[in-house]
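# Residue-level structure breakdown
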Amino acid sequence: MPEWMVVFAVTCSYLVLSLLVGLLSSRGTSSSTEGWVAGDRSLGFVILYFIMGASIFSAFAFLGGPGWAYSRGAACFYIIAYGTVGLAPWYFFGPRVAALGRENGYVTQAELFADRFQSRGISGVLAVVSLAAFLPYLMLQMSGAGYVFEVLTKGHVPFWAGAALAYGVVLIYVFQSGLMGVGWTNTLQGIFMMGLAWGLGLYLPHRLYGGVGPMFEQILRKAPQMLSAPGLGPGGEPWSWGAFSSSILVSVIGFSMWPHYFMKMYTARDDRTLKRTVVWYPTFQIFLIPIMLIGFSGVIAFPGVKPADEILPTIVTSIGLSPVIVGLFCAGALAASMSTGDALLHASASVAVKDFWKVLFEPDMDDRSERTVMRVLVVLIGALAYVLAIVAHVSLVKLLLIGYGFIAQIAPLACATFFWPRTTRQGALWGLMAGFAVTVLFNLVPAIDWQGIHPGIYGVVANVVVLVLVSLATRPMDEAHVARFVVQ
Amino acid sequence: MRLKPRIFSSKLTRTERLVYGAVTVFFILSCLVTIWPIYPYFSHALPLVLGLPFGLFFLAVVLVVSFSALLAVYLWEGRRERPDSRSSPAEERR
């Protein structure tokens, strides 16, 4: 059997396994919308841990992450740096979000904020922004999957077919099992990803240099500027401390706000489960260190790989590994892509129905039709993202960067919801809009930026200022209503 | 207005407020040490520790410390919530 077929066979076994796990996982949950979107709020620690871990780390983990370390050196440390805070804010407001979800039946992020501020506008704006951030993110996952397939089978499985195969499986299990499908497959995929990252991260430096220490010593002799932060910029020039620090800040602010993670707070069985997930989350996250070691291992041994994202597939296919191992690598990289893609697809469909369509056009939609429409949307959104990923060559990374700046704008809204009773509907809405507008402005006109500071930071500042001023200038909201949400 | 802006619920005990306050301050600090102007003091390549450049090792340590801090709070809460524990460890220390 030719080598590429072994690789293909191993990868397909993984896909079949994912499909089986995904299909079997819906047993035991109700057939309501709450069951499909939030798993009947019954998730235990293990599944929640893997949902959070595996959906956060996307195809980026095996392509972009090593690519950053390989081409930009210590700049990639920022990804570890923002993880020091990571999900910790959830420890404090998570139980509150979960309790409000149980009382009022929320399953998405915007439902909570729209209720607090009695505003359909906030729901609509958040839905549009979430979907606008999700789509390029989902497309990136699909192209990652197609790309890995194509390279590792030496072009025998073309890009379009690889993406279709991997996301066909995702589509089926998300359609069928909703959140539980995402949860159980992410558990499988998470174990695969972690195993692969630690395995390769320790093996490659050893194989190519005789150990992690000797590897860094060699890099230090040839390219010392790569090993001290802030590392290098996208063009190989030194990166600025302003850009390094503000990337960390904007990620710290936005990290716990991504709508598809945020809605997972509703899924926990109880508060202790939710807190336990937050506490143990860094044990997943520390696998970013081997991911970086993988990227660094290419610096001396494989110079000049372009684009840098191809460094890991390049190493794996050129050091004469057994095709079974290459197949496992392919499966692991697909797992990273799929475990994020499934959560995005699931969240997109839920948000589009709950926060957009239902709120703005069909307030009395019943539970059954909600669930049906969500499932139809899984297929439609999946198909749309696929076609765009295959056909269009939009600069996805640019879109995604703007997306990160956008998501950070939700943080002031969340703080206002829980901690500042004086916030009014107008204050919240205008703050949000100002934040978005300023983020877009600084993205479109980079010349006005100072010290390479992330556009999202300017957005957050504008957002907070407008939120406070407009709230103080408008009439306070009804106390009895606000008291349900704020900490007292 | 009757409702006041609060970070911690007024129902918490003094000890609880102290612990949560300390953790909040700790996480703000753990973010600040990873950015300018503090991180530049730790971001050099040498010495290599456990084979890692010092700046990376430093971040790994911060990550492990913040993990331990939150784990400690979690365990402490667990002990307080258990009905058979007569006094919380934090109060014993006083």
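Here we summarise the structure given alongside this text. Here the structure is a predicted model, which means the values were calculated and not measured.

## Re the overall build of chain B
When helices and strands are counted, chain B shows three helices and zero strands. Along chain B, helices and strands appear, N-terminal first, in the series α-α-α. Nonlocal contacts in chain B, meaning residues at least 24 apart in sequence, comprise 44% of its contacts between residues at least 6 apart. Of the roughly 5700 Å² of accessible surface on chain B, 66% is carried by carbon and sulfur atoms.

## Some points on a negative patch on the surface
Residue and element names in this part refer to chain A. A contiguous patch of negative charge, built from E362, D364, D366 and D367, is present on the exposed surface. Summarising the element assignment, D366 is placed in the loop between α16 (323–360) and α17 (367–391). Under the relative-accessibility criterion, D366 is labelled partly exposed at 44%.

## Thoughts on the interface of chain B and chain A
Taken together, the contact pairs 45 residues of chain B with 48 residues of chain A. Carbon and sulfur atoms make up 75% of the surface buried where chain B meets chain A, a total of about 4000 Å² over both sides. Contact with chain A buries surface across chain B, with L3(B), L63(B) and Y74(B) losing the most and accounting together for 17% of the total. Here chain B and chain A share two salt bridges between them. Two residues, E77(B) and K275(A), come together in a salt bridge whose shortest N-O distance is 2.9 Å.

## Regarding the nonpolar core
Residues and elements named next belong to chain A. F62, F77, L112, F296 and M338 are the most contacted members of the largest nonpolar core, which totals 190 residues. With sequence-adjacent residues up to four places away left out, F296 is seen in contact with A69, G73, A74, C76, F77, Y209, M215, F216, I219, M226 and L227. Within the second largest apolar cluster, five residues are counted, among which are V250, A408, I457 and V460.

## Points about a nonpolar patch on the surface
Residues and elements named next belong to chain A. A surface patch of nonpolar side chains, amounting to about 410 Å² of accessible area, comprises V440, L441, L444, V445 and I448. Relative to the helices and strands, L441 resides in helix α20 (residues 425–444). Overall, L441 belongs to the partly exposed group, its relative accessible area being 42%.

## Things to note about the packing of helix α9 (residues 159–209) of chain A against helix α15 (residues 311–318) of chain A
Residues and elements named next belong to chain A. Between α9 and α15, the shortest axis-to-axis distance is 12 Å and the interhelical angle comes to 60°. Relative to α15, the element α9 is oriented oblique. Between α9 and α15 the crossing geometry is left-handed. Taking contact as the criterion, the partners of L200, L204 and L208 in α9 are, on α15, L312, I315 and V316. In terms of residue class, the contact of α9 with α15 is made up of six nonpolar, no polar and no charged.

## Some details on the layout of surface pockets
Within this model, the second largest pocket holds a volume of roughly 1500 Å³. Surrounding the second largest pocket, 43 residues form its lining, P89(A), F92(A), F93(A), F419(A) and I7(B) being those nearest its centre. Secondary structure elements with two or more residues in the lining of the second largest pocket: α6 (88–104), α11 (241–255), α13 (271–285), α19 (410–419) and α21 (455–473) of chain A together with α1 (14–32) and α2 (54–81) of chain B. The biggest single contributor to the lining of the second largest pocket is α6(A), with 10 residues. Taken together, the residues of the lining of the second largest pocket sort by class into 30 nonpolar, three polar and 10 charged.

## Some thoughts on the packing of aromatic side chains
Applying the stated criterion to the full structure yields 44 aromatic pairs over all chains. Among the aromatic residues, ring-to-ring pairing joins W68(A), Y78(A), Y82(A), W239(A), W241(A), F244(A), F255(A), Y261(A), Y281(A), Y39(B), F42(B) and F58(B) into one connected group. The positively charged end of R375(A) is found above the aromatic ring belonging to F175(A), 4.9 Å away from the centroid.

## Thoughts on the pattern of salt bridges
Under the defined criterion, the tally for this structure stands at nine salt bridges over all chains. In this structure, the salt-bridge partner of R484(A) is D115(A), at a minimum N-O distance of 3.3 Å. Placement of R484(A) in the segment after α22 (479–483) and of D115(A) in helix α7 (residues 109–116) is noted, with a sequence separation of 369 residues between them. Its salt-bridge partner being E77(B), residue R272(A) comes within 3.6 Å of it at the nearest N-O pair. Here E77(B) lies in helix α2 and R272(A) lies in helix α13, a pairing that spans two chains. With a relative accessible area of 23%, R272(A) lands in the partly exposed category.

## Side note on the packing of helix α3 (residues 45–56) of chain A against α13(A)
Residue and element names in this part refer to chain A. The contact between α3 and α13 brings their axes to 9 Å, and the two run at 45°. Comparing their axes, α13 and α3 come out oblique. α3 and α13 meet at a crossing whose hand is right-handed. Counted together, F45, L48, Y49, F50, M52, G53, A54 and I56 of α3 and T273, L274, R276, T277, W280, Y281, T283 and F284 of α13 form the full contact between these two elements. Considered class by class, the residues forming the contact of α3 with α13 number 11 nonpolar, four polar and one charged.

## Points about unusual backbone geometry
For the bond running from W36(B) to P37(B), omega is 5°, close enough to zero to count as cis. As for its position among the elements, P37(B) is in the loop between α1 and α2. Residue P47(B) is bonded to the preceding L46(B) through a cis peptide linkage, with omega at -5°. Examined against the element boundaries, P47(B) turns out to sit in the loop between α1 and α2. Of note, K154(A) is a non-glycine position whose phi angle comes to about 55°, a positive value. Relative to the helices and strands, K154(A) is located in the loop between α8 (120–152) and α9.

Calculation criteria
- Residues numbered from 1 in each chain as written.
- Chains lettered and ligands numbered in written order.
- Predicted model: local features only at pLDDT ≥ 70, side-chain atom pairs only at ≥ 80, totals over all residues.
- Heavy atoms only, no water.
- Helix = DSSP H or I, 4+ residues; strand = E, 2+ residues; numbered from the N terminus.
- Contact = heavy atoms within 4.5 Å.
- Areas by Shrake-Rupley, 256 points an atom, 1.4 Å probe, with all protein chains shown as cover.
- Patch = residues over 30% accessible without salt bridge, like charges linked within 9 Å, V, L, I, M, F, W, Y side chains within 5 Å.
- Salt bridge = Lys/Arg side-chain N within 4 Å of Asp/Glu carboxyl O.
- Lys, Arg positive; Asp, Glu negative; His and termini not counted.
- Charge placed at Lys NZ, Arg CZ, Asp CG, Glu CD.
- Buried < 20%, exposed > 50% of the residue type's maximum accessible area, 1.4 Å probe, protein only.
- Buried area = accessible area lost by both parts, 1.4 Å probe.
- Core = buried A, V, L, I, M, F, W, Y, C linked by side-chain atoms within 4.5 Å.
- Axes fitted to C-alpha atoms, helices over the stretch in contact; angles between N-to-C directions.
- Parallel < 35°, antiparallel > 145°, perpendicular 65-115°, else oblique.
- Left-handed = near helix turned anticlockwise from the far one by under 90°.
- Nonpolar A, V, L, I, M, F, W, Y, C, P; charged D, E, K, R; others polar.
- 1 Å grid on protein atoms, 1.4 Å probe; cavity = no way out; pocket = protein on both sides within 12 Å on 5 of 7 lines; lining within 4 Å.
- Points joined across faces, edges and corners; volume = space filled by probe spheres on them.
- Phe/Tyr/Trp six-rings, centres within 6.5 Å; stacked < 30°, edge-to-face > 60°.
- Lys NZ or Arg CZ within 6 Å of the ring centre and 35° of its normal.

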